[in-house]
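Read off the chains here:
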Amino acid sequence: MRLRNVPGAREMIAQDPYSSNDEDQQAMMKGHWQEHFGDQAPLHIEIGMGKGRFLMTLAAMNPDINYVGIEKYSSVLVRAMRKQEQEQLSNVYFLRMEAENLTDVFDRGEVSRIYLNFSDPWPKDRHAKRRLTSRQFWDRYNQILVPDGRVIFKTDNRPLFDFSLEEVRAAGWELDEYTFDLHEQGNPPGNIMTEYEEKFVSEGKPICRLIAHRNR
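Because the structure is a prediction, the values reported are computed rather than measured.

> What's the story with the nonpolar core in this structure? I'm lost.
Across soluble globular proteins, you tend to see nonpolar side chains buried next to one another. By size, the foremost hydrophobic cluster in this structure holds 36 residues, and its most contacted members are Trp33, Ile45, Ile47, Val68, Phe106, Ile114 and Tyr141. Looking at which element gives the most residues to this core, the answer is helix 8 (residues 158-170), with five residues. Other than its neighbours up to four places away in sequence, Val68 contacts Trp33, Phe37, Leu43, His44, Ile45, Glu46, Leu55, Tyr93, Leu95 and Phe106.

Structure below.
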């Protein structure tokens, strides 16, 4: 994916009340997300949120749930910030960070749900552990999710999805459900489509989805 650089993006994030790109500040939030949002609501996170439409749609629909969007590219995150400037949803916050550092920012049992939408496939075998559905990441999710938490993963990349199914089992997790064609009979109830998803579906590409939970 080619990214158009946004001059001053890091500075914009640092000054935004709904965002953070400071590692020390983010680390201080670990174990204190309910205090940050000022309520006891469940916490859902999206890793690789892109421009934020999926996350903000969910947040608008579910004011009784708090949402944190994670994005590693500053120039992408500022586009989500612009949406938030208009909508000013009190249950949304953005983090500019690397997903590998999840356990530095979220405490054990602090997250109820994790969304992974059209993640980077990292196609080379030597980069397998960087995939957000690798066993290394399932171990990270295991550390921050509540006991009955769920991970929901969608992709148009069939090799990545096949890899992910194998890694779920290898990591000791269990599948609630999975499909190789989510939209075979139209958009299923409750499914919020991302921008990529709409594009791929319009092109006739099948969308894969899995939902997994920890094997307790």
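> Would you take a moment to explain the environment of Val6 for this structure?
Position of Val6 among the secondary structure elements: in the segment before helix 1 (9-15). Sequence separation of Val6 and Asn101 is 95 residues, and the distance between their C-alpha atoms is 24 Å. Sequence-distant contacts of Val6, defined by excluding residues within four places in its chain, comprise Met12, Ser75, Val78, Arg79 and Arg82.

> How should I be thinking about unusual backbone geometry in this particular structure?
With the exception of glycine, most residues fall at negative phi, and the peptide bonds are largely trans. In the Ramachandran plot, Phe118 falls in the positive-phi region, its phi being about 55 degrees despite a non-glycine side chain. Mapping Phe118 onto the fold places it in the loop between strand 5 (111-117) and helix 7 (135-144). One non-glycine residue, Trp122, lies in positive phi territory at about 40 degrees. Mapped onto the secondary structure, Trp122 falls in the loop between strand 5 and helix 7.

> I'm lost on the environment of Ala59 in this one. Help?
By secondary structure assignment, the location of Ala59 is in helix 4 (residues 53-61). Taking relative accessible area as the criterion, Ala59 reaches 2% and is therefore assigned buried. Sequence separation of Ala59 and Ser90 is 31 residues, and the distance between their C-alpha atoms is 8.9 Å. Setting aside residues no more than four positions away along its own chain, Ala59 makes contact with Tyr67, Leu89, Asn91 and Val92.

> Is there a simple way to think about the side chain of Asn117 in this case?
With respect to the element layout, Asn117 can be found in strand 5. Here Glu46 takes part through its side chain, which lies 3.0 Å from a polar atom of the side chain of Asn117. What Asn117 contacts, discounting residues up to four positions off in sequence, is Glu46, Gly48, Phe54, Lys154 and Thr194.

> Looking at this structure, I do not really get the sheet that holds strand 6 (residues 145-155). What am I missing?
Sheet strands pair via backbone hydrogen bonds, and the direction of the pair is either parallel or antiparallel. The mixed open sheet is built from eight strands, whose spatial order is 1-4-3-2-5-6-8-7. Each edge of the open sheet carries a strand with a single partner, namely strand 1 (19-20) and strand 7 (173-179). As paired strands, strand 1 and strand 4 (residues 92-96) are joined by two bridges and run parallel to one another. Pairing of Ser20 across the sheet is with Leu95, part of strand 4. Sitting on the sheet, helix 4 is in contact with strand 2 (43-47), strand 3 (66-71), strand 4, strand 5 and strand 6, with an inclination near 175 degrees to strand 3. The sheet contacts of helix 5 (residues 74-87) involve strand 1, strand 3 and strand 4, and relative to strand 4 the element is tilted by about 165 degrees.

Rules used in this analysis
Residues numbered from 1 in each chain as written. Predicted model: local features only at pLDDT ≥ 70, side-chain atom pairs only at ≥ 80, totals over all residues. Heavy atoms only, no water. Core = buried A, V, L, I, M, F, W, Y, C linked by side-chain atoms within 4.5 Å. Buried < 20%, exposed > 50% of the residue type's maximum accessible area, 1.4 Å probe, protein only. Helix = DSSP H or I, 4+ residues; strand = E, 2+ residues; numbered from the N terminus. Contact = heavy atoms within 4.5 Å. Polar contact = N/O pair within 3.5 Å; in protein donor to acceptor, adjacent residues only side chain to side chain. Pairing = 2+ DSSP bridges. Axes fitted to C-alpha atoms, helices over the stretch in contact; angles between N-to-C directions.

By themselves, these observations are geometric and do not establish any function.
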